[in-house]
Amino acid sequence: MLFRPNASSGLPIYLQLMEQVKHAIETGALRPGEQLPGIRPLAEQLVMNPNTVAKAYRELEHEGVIELRQGSGAFVSRNAAIRRAPDSLRAAQSMVASTVQRLRGRGLGDDEIRRLVEAEIARIPEKGGRRG
Amino acid sequence: MGESLIIETSGLRKTFGEIEALRGLDLQVPAGSICGFLGRNGAGKTTTIKVLLGLIRATGGEARVFGLPAGEERASVEIRRRAALVSEAEDLYGAMTVEQMIRFTASFFPGWRSDLQARLLRRFDLRSGTTIKRLSQGMRTRLALLLALCRGAELLVLDEPTSGLDPAAAEEVLQALVTYIAEEPKTIFLCSHQIAEIEQIADRVAIIDHGRLVLSGSLDALQRSFRRISMVFDRDAPAVEFRGAGVARVRREGRALTVFSNDGGDAVLDQARALHPVSVEVAPVGLKEIFFETIAAED
């Protein structure tokens, strides 16, 4: 369920892993109260630096998404902060679908569309705001 | 991390006759990290390793491993006891078999990890009865790595450990390294041209060029701070000097202007917008490009 981050994309691996965990929770692959893989087995399985896995888990705990229990491991929080209803995910999907269709209708190629989306995500907002 | 430095050099210099191989290297490797050491051939990587392990004497400056002075005879012996070097020029005895080499080496190190030995023999596909001189280069490196890991070395200094290995075999090596560092507090100093592998397992990176450190830090921090800002204009790109710290390189090609920034790109973006380009794109940068842009800036 958790797969190898793309190490060469320029996006920090720990952030990618955090996103994967959040996505797994959003889609229900991981449920509140369920246990996550241990840091060491996950590092071995994904062939990642265990410090990086640890960093991702610490940040997820900091955000309230998971709980780290001394001696037992990492568990999805019972009140995981990112729990979006499956409905809103479906709504988001249909927004993306309609935007992609419109852009294609204007003659944009898929690669161009992808670049525009990535550039928008990487863009630093005009006034403050969080990046990355 | 960062509380103690396993490797620390300060103004390290080494001259070979007319050639200045190291010109004031300031390297810091914290305990518990996997540090990728990158540089062109001839930049000073091998010289650095040799100085750290006491194989050659520095001409000036300081080098410490485990807090011990690398240039001092007795300290150096202690360093070599606790650190292991795995390189293509390793000293394995060609006439010995794999098993003999293992038993020979194990006899010098109490606390030899026989459990790890069995596991790695299997993972690395090494057969006990094979004579070392019949092993390919890649297999020899794997054997050298097995010996280094089973000794329980606190610091592994690796020089191209996956050279000559197919992707599956290389992955076994990376997995063995990751497991090693997960089990106990160990530090790995990894010289490699395989930038993708460094991106995969290193948490720190140091880039050496012309005998000096030109970039170093946590890999996450570098990835968060390097940005490529691409602008297109409706006329020839203006020949503007992008002011301020953080500009690694500027490239002009007709109507396109690309700036590499190493401090997040905010300052560059502000200046870029003031030039009224037709489009501005900001993208993250992989380690390969970070390497090329940093080296090119030095040329």
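## Observations concerning the overall build of chain A
Next up, step 1: In terms of regular secondary structure, chain A is built from 5 helices and 2 strands.
Next up, step 2: Sequence separation of 24 or more characterises 50% of the internal contacts of chain A that already satisfy a separation of 6 or more.
Next up, step 3: For chain A, the exposed surface amounts to about 8200 Å²; the carbon and sulfur share of it is 51%.

## Some words on the packing of helix 5 (residues 137–150) of chain B against helix 6 (residues 167–183) of chain B
Residue and element names in this part refer to chain B.
Next up, step 1: Interhelical geometry of helix 5 versus helix 6 gives an angle of 10° and a closest axis separation of 12 Å. It follows from the interaxial angle that helix 5 and helix 6 lie roughly parallel. Between helix 5 and helix 6, the residues in contact are Arg-142, Leu-145, Ala-148 and Leu-149 and Ala-169, Val-173, Ala-176, Leu-177 and Tyr-180, respectively.
Next up, step 2: In the contact of helix 5 with helix 6, the residues fall into 8 nonpolar, no polar and 1 charged.

## Topic: a nonpolar patch on the surface
Residues and elements named next belong to chain B.
Next up, step 1: Residues Tyr-93, Phe-104 and Phe-108 make up a contiguous nonpolar surface patch of roughly 330 Å² in combined accessible area.
Next up, step 2: Along the polypeptide, Tyr-93 turns up in the loop between strand 7 (83–86) and helix 3 (98–106).
Next up, step 3: On the accessibility criterion, Tyr-93 (47% relative accessible area) is partly exposed.

## A look at the domain arrangement of chain B
Accessible area lost during the coming together of the parts is what is often quoted as the interface size.
Residues and elements named next belong to chain B.
Next up, step 1: One can read the domain layout of chain B as domain 1 (5–221) and domain 2 (226–298).
Next up, step 2: Once you take the C-alpha centre of each, domain 1 and domain 2 turn out to be 36 Å apart.
Next up, step 3: On the side of domain 2, 9 residues touch domain 1, which itself brings 13 residues to the contact.
Next up, step 4: Counting each side, the surface lost to burial between domain 1 and domain 2 is near 920 Å², with a carbon and sulfur contribution of 83%.
Next up, step 5: In terms of surface lost to domain 2, no three residues of domain 1 exceed Ile-195, Val-214 and Leu-215, which account for 42% of the buried area on that side.
Next up, step 6: Our enumeration of links across domain 1 and domain 2 arrives at 0 salt bridges.
Next up, step 7: Here domain 1 and domain 2 share 1 residue pair in polar contact (both at pLDDT 80 or more) between them.
Next up, step 8: Listed by contribution, the elements that provide at least two residues to the side of domain 1 that touches domain 2 are helix 7 (195–201), strand 10 (204–209) and strand 11 (212–218).

Basis of the calculations
- Residues numbered from 1 in each chain as written.
- Chains lettered and ligands numbered in written order.
- Predicted model: local features only at pLDDT ≥ 70, side-chain atom pairs only at ≥ 80, totals over all residues.
- Heavy atoms only, no water.
- Helix = DSSP H or I, 4+ residues; strand = E, 2+ residues; numbered from the N terminus.
- Contact = heavy atoms within 4.5 Å.
- Areas by Shrake-Rupley, 256 points an atom, 1.4 Å probe, with all protein chains shown as cover.
- Axes fitted to C-alpha atoms, helices over the stretch in contact; angles between N-to-C directions.
- Parallel < 35°, antiparallel > 145°, perpendicular 65-115°, else oblique.
- Nonpolar A, V, L, I, M, F, W, Y, C, P; charged D, E, K, R; others polar.
- Patch = residues over 30% accessible without salt bridge, like charges linked within 9 Å, V, L, I, M, F, W, Y side chains within 5 Å.
- Salt bridge = Lys/Arg side-chain N within 4 Å of Asp/Glu carboxyl O.
- Buried < 20%, exposed > 50% of the residue type's maximum accessible area, 1.4 Å probe, protein only.
- Domains from an automatic or database assignment.
- Buried area = accessible area lost by both parts, 1.4 Å probe.
- Polar contact = N/O pair within 3.5 Å; in protein donor to acceptor, adjacent residues only side chain to side chain.

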